[in-house]
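Notes for the structure review
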Amino acid sequence: MLKPALLSLPDTGEDGIYDPHPANIGGKRYLVYSGMPKFTKVPQPDIYLAYSQSDSWFGPWKRAGKILDHADLSHHNSREHPDYEWGIEGAQLVELPDGRVLLNATCFLPEGQRGSRQRVFFALADGVKGPYRSVGPVLNPGAIGENGHSTVMIEGGQLTLFYQSRVEATNHRWRYGLAICDVGVFSKVA
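Below, the structure is looked at part by part. (Residues numbered from 1 in each chain as written. Predicted model: local features only at pLDDT ≥ 70, side-chain atom pairs only at ≥ 80, totals over all residues. Heavy atoms only, no water.)

1. Section: the overall build of the protein
Heads up, the rule is: The way it works is that DSSP assigns letters per residue, a run of H or I at least four long becomes a helix, a run of E at least two long becomes a strand, and they are numbered from the N terminus. The globule rule used here is 2.2 Å times the number of residues to the 0.38 power, and the radius of gyration it is set against is calculated over C-alpha atoms. Three exposure classes are used, based on accessible area relative to the maximum for each residue type with a 1.4 Å probe and protein chains only: buried under 20%, partly exposed in between, and exposed over 50%. In this description, contact between two residues means that some pair of their heavy atoms is separated by no more than 4.5 Å. Every accessible area reported is derived by Shrake-Rupley at a probe size of 1.4 Å, with residue values counting cover from the shown protein chains alone. For the purpose of counting charges, residues Lys and Arg are taken to be positive, whereas Asp and Glu are taken to be negative. His and the chain ends are not included. To locate a charge, take atom NZ for lysine, CZ for arginine, CG for aspartate or CD for glutamate.
For the protein, the helix and strand inventory stands at zero helices and eleven strands. Helices and strands appear in the protein in the N-to-C order β-β-β-β-β-β-β-β-β-β-β. Its C-alpha radius of gyration of 17 Å places the protein within 12% of the 16 Å reference for a compact globule of 190 residues. Looking at the protein residue by residue over its 190 residues, the buried ones come to 46%. Long-range contacts, defined here as pairs at least 24 residues apart, represent 45% of the contacts in the protein between residues at least 6 apart. If you sum the accessible surface of the protein, you get close to 10000 Å²; carbon and sulfur atoms cover 55% of it. On the protein, the mean spot of the 19 positive side-chain charges and the mean spot of the 20 negative ones are 2 Å from each other.

2. Some points on the environment of Asn 147
Rules: Polar contact criterion, stated in full: a pair of N or O atoms within 3.5 Å, where within protein one must be able to donate a hydrogen and the other to accept it, and residues adjacent in sequence count only if both atoms are side-chain atoms.
For Asn 147, the position within the fold is in strand β9 (residues 145-155). When its relative accessible area of 1% is taken as the criterion, Asn 147 is described as buried. Separated by 30 residues in sequence, Asn 147 and Gly 177 place their C-alpha atoms 9.2 Å apart. Setting aside residues up to four positions removed in sequence, Asn 147 forms contacts with Gln 118, Arg 119, Val 120, Leu 139, Asn 140, Pro 141, Tyr 163, Gln 164 and Ser 165. A polar contact is formed between the side chain of Asn 147 and the backbone oxygen of Leu 139, at a distance of 3.3 Å.

3. Considerations on the sheet that holds β9
Filter applied, for reference: In this description, strands pair whenever DSSP reports at least two bridges between them. Only the stretch in contact is used when a helix axis is fitted, and all axes are lines through C-alpha atoms; the angle between N-to-C directions ranges over 0 to 180 degrees.
Strand order across the open sheet formed by three strands is β9-β10-β11, with antiparallel pairing between neighbours. Every interior strand has two partners, whereas the edge strands, β9 and β11 (175-182), have only one. In this sheet, adjacent strand axes meet at a mean angle of 25° when their direction is disregarded. Pairing analysis gives nine bridges linking β9 to strand β10 (residues 158-167), with the strands arranged antiparallel. Within β10, the position partnered with Gly 145 by the bridge is Val 167.

4. Re unusual backbone geometry
A cis amide bond links Gly 59 with the next residue in sequence, Pro 60, at an omega value of 10°. Examined against the element boundaries, Pro 60 turns out to sit in the loop between β3 (46-52) and β4 (61-68). In the segment running from Gly 130 into Pro 131, the intervening peptide bond is cis, with an omega of 5°. Residue position: Pro 131 is located in the loop between β7 (118-125) and β8 (133-137). Backbone geometry places Asp 19, a non-glycine residue, at a positive phi of 55°. With respect to the element layout, Asp 19 can be found in strand β1 (residues 16-25).

5. Let's talk about the packing of aromatic side chains
In plain terms, the rule: Stacked, edge-to-face and tilted labels apply to pairs of Phe, Tyr and Trp rings (six-membered ring for Trp) whose centres lie within 6.5 Å, assigned for plane angles under 30 degrees, over 60, and everything in between, in that order.
Here the structure, examined in full by the defined rule, presents three aromatic pairs. Look at Tyr 33 and Tyr 48: their rings are 5.9 Å apart centre to centre, the planes differ by 20°, and that puts the pair in the stacked class. One end of the pair, Tyr 33, is in strand β2 (residues 28-36); the other, Tyr 48, is in strand β3, with 15 residues separating them in the sequence. With a relative accessible area of 3%, Tyr 33 lands in the buried category.

Listed below in structure tokens is the structure:
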């Protein structure tokens with residue numbers, strides 16, 4: 001049995017950790033994950049980063065800290081929101097051809113009916129530790145519904161986004177979708 005890569009840290013912002021995703025950025029190995037403090041009602045995770053201190057996915061791993069907080073996203077429900085739904089989760093980091101870092105994750109809009117506020121969003125940074133600038137929710141479900149928990153792949157100058165979605169018209173049954181764009185679109189975002 002292998003030792004765990006990371007353990008949660010009681011009584012901190014990482015009292016609970018989940019959704020780890022590996023990334024290779026600038027030739028270094030990283031884990032990006034959701035971390036949350038203790039909660040009494042609804043978890044409120046933010047996005048954290050750790051890096052391998054060796055050239056191996058088996059670590060040892062060193063925490064680099066929080067890289068994206070609720071307060072960094074105007075399109076995400078705040079912790080104080082009277083109908084708070086959930087935190088930021090499912091983050092993935094991808095190195096763009098120009099060396100910047102794309103963060104792909106799931107947020108929850110501050111307004112709207114429950115079951116219709118989950119959205120995929122992108123954020124950009126010059127380096128893996130940030131700061132990240134959100135380019136906002138990137139997918140509109142096109143009807144009453146939501147989308148999230150996505151993965152990005154970059155091949156041959158194209159970014160392909162794989163995501164889950166559900167809409168009222170299908171009785172909110174979950175489905176998987178694909179979206180594609182030219183990676184060059186990110187060079188137009190400062």
